[in-house]
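Residue-level structure breakdown
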Amino acid sequence: MRVDIISIFPDYFAPLDLSLVGKAQSTGLLSVDVHDLRKWTSDVHRTVDDTPYGGGPGMVMRPEPWGQALDAIGPGTLVVPSPVGKPFTQADAYSLAQLDHLIFACGRYEGIDQRVIDDAAARMPVLEISLGDYVLFGGEVAVIVIMEAVTRLLPGVLGNASSLDEESHSAGLLEAPVYTKPASWRDRDVPDILRSGDHGRIARWRRTQSLLRTASRRPDMMASYPPDLLDKSDKAA
Ligand SMILES: Nc1c(O)cccc1[N+](=O)[O-]
């Protein structure tokens, strides 16, 4: 997978050289190129913003630098993290992980001139994605989150791909609580079932805990969980 990131703060993306994303780059599973938007400015002050038409607070990112940057880097699938985007889900991470070329546009200020999105959409798929209903300074941190969610799904990145099967949000439920040694810690013991060695009962316990946790914390997920995936033993939970 090829990834291009366009930002006025390219240094924000140093974390992508760390951990598994960094390893994915070093093993050739992923290439990440970060571009300073100001490279496509032509004035002495390397201006990327201007006042909004129609008035209002703040500044808007000018279309010219973005248009030239996307002309140079595209086509690909343009991903624009934005508070007005579609909420990002694990399903979206899986979809993005299937693509060959992602281009991330990091907006700042009050956002990017709408014509940049409209012009790009005439030449490539454009996805406006939101991480949540809150306001950030810009799209950079959202790109790091999306990059981590997507990279870990690339074949060969995780040593044990089966761990993807049961983790939260992949199976449509929150995962069960996890424990490790010691068996007792500050007078709190690991549930006996997990030390029983009875893998069938352990699997059922984890399933029950997953359903209970999802029902109590994410009723929205429970409501959209396919009923035919709930079996008789679940209903007893
Ligand atoms: N919420 C927000 C923002 O305020 C600015 C850029 C991106 C996002 N987001 O992805 O959620």
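Residues numbered from 1 in each chain as written. Predicted model: local features only at pLDDT ≥ 70, side-chain atom pairs only at ≥ 80, totals over all residues. Heavy atoms only, no water.

1. Things to note about the domain arrangement of the protein chain
Size of an interface, as often reported, equals the accessible area lost when the parts are brought together. The line we're drawing: Domain boundaries shown here were taken from an automatic or database domain assignment.
One can read the domain layout of the protein chain as domain 1 (2-151) and domain 2 (163-236). Each of domain 1 and domain 2 has a C-alpha centre, and the two are 36 Å apart.

2. A word on the site of the ligand
Selection rule: Summary of the distance rule: residues count as near a molecule or strand when at least one heavy atom falls within 4 Å of that molecule or strand. Two N or O atoms count as a polar contact when they lie within 3.5 Å, although within protein this holds only if one can serve as hydrogen donor and the other as acceptor, and sequence-adjacent residues are included solely when both atoms are side-chain atoms. The protein chains shown are the only cover counted for residues, whose accessible areas, like all others here, come from Shrake-Rupley with a 1.4 Å probe. Secondary structure is summarised from DSSP: a helix means a run of H or I of at least four residues, a strand means a run of E of at least two, and numbering begins at the N terminus for each.
Lining the immediate surroundings of the ligand are 13 residues, of which Ser130, Leu131, Tyr134, Val135 and Leu136 lie closest. One nitrogen or oxygen atom from the side chain of Ser130 is found 3.5 Å from an oxygen atom belonging to the ligand. Take Tyr134: an N or O atom from its main chain is 2.7 Å from a nitrogen atom of the ligand. Contact with the protein chains covers 95% of the free accessible surface of the ligand, which is 280 Å². Taken together, the elements giving at least two residues each to the shell around the ligand come down to strand E5 (77-87) and strand E7 (126-130). Considering each element in turn, the shell around the ligand owes the most residues, three residues, to E5.

3. Description of unusual backbone geometry
The omega torsion of the bond from Gly74 to Pro75 falls at 0°, within 30 degrees of zero and hence cis. Tracing the chain through its elements places Pro75 in the loop between helix H2 (63-73) and E5. Cis geometry is found at the peptide bond from Lys181 to Pro182, where omega equals 5°. With respect to the helices and strands, Pro182 occurs in the loop between helix H6 (163-166) and strand E8 (184-185). Residue Ser19 is not a glycine yet carries a positive backbone phi of 50°.

4. Brief notes about the nonpolar core
For clarity, the threshold we go by: Here, nonpolar core means buried Ala, Val, Leu, Ile, Met, Phe, Trp, Tyr and Cys residues that are tied together by side-chain atoms lying within 4.5 Å of each other. Summary of the burial criterion: residues with accessible area below 20% of their type's maximum are buried, those above 50% are exposed, and those between are partly exposed, where the area comes from a 1.4 Å probe applied to protein chains only. For this analysis, residues touch if any pair of their heavy atoms sits within 4.5 Å.
Within the largest apolar cluster, 27 residues are counted, with the highest numbers of intra-cluster contacts made by Val3, Ile5, Leu16, Leu30, Leu96, Phe104 and Met147. Those elements that place two or more of their residues in this core are strand E1 (2-7), helix H1 (19-26), helix H3 (90-97), strand E6 (101-105) and helix H5 (140-151). The biggest single contributor to this core is H5, with six residues. Dropping the residues within four chain positions of it, Val3 is found in contact with Leu30, Ser31, Val32, Asp33, Leu102, Phe104 and Met147.

5. Topic: the sheet that holds E7
What holds strands together in a sheet is hydrogen bonding between their backbones, with the strands either parallel or antiparallel. The test is simple: A pair of strands is labelled paired if DSSP reports no fewer than 2 bridges between them. A fitted line through C-alpha atoms serves as each axis, taken over the contacting stretch for helices, and the angle formed by two N-to-C directions is quoted from 0 to 180°.
One open sheet accounts for five strands, arranged E2-E1-E6-E5-E7; its pairing is parallel. Sheet topology places strand E2 (31-36) and E7 at the edges, where each strand pairs with a single neighbour. Adjacent strand axes in the sheet meet at a mean angle of 30° when their direction is disregarded. As paired strands, E5 and E7 are joined by six bridges and run parallel to one another. Of the residues in E7, the one forming a bridge with Lys86 is Ile129. Taken strand by strand, H2 contacts E1, E2, E5 and E6, and its axis lies near 165° from that of E1. Packing of helix H4 (residues 114-121) onto the sheet brings it into contact with E5 and E7, and relative to E7 it is tilted by some 135°.

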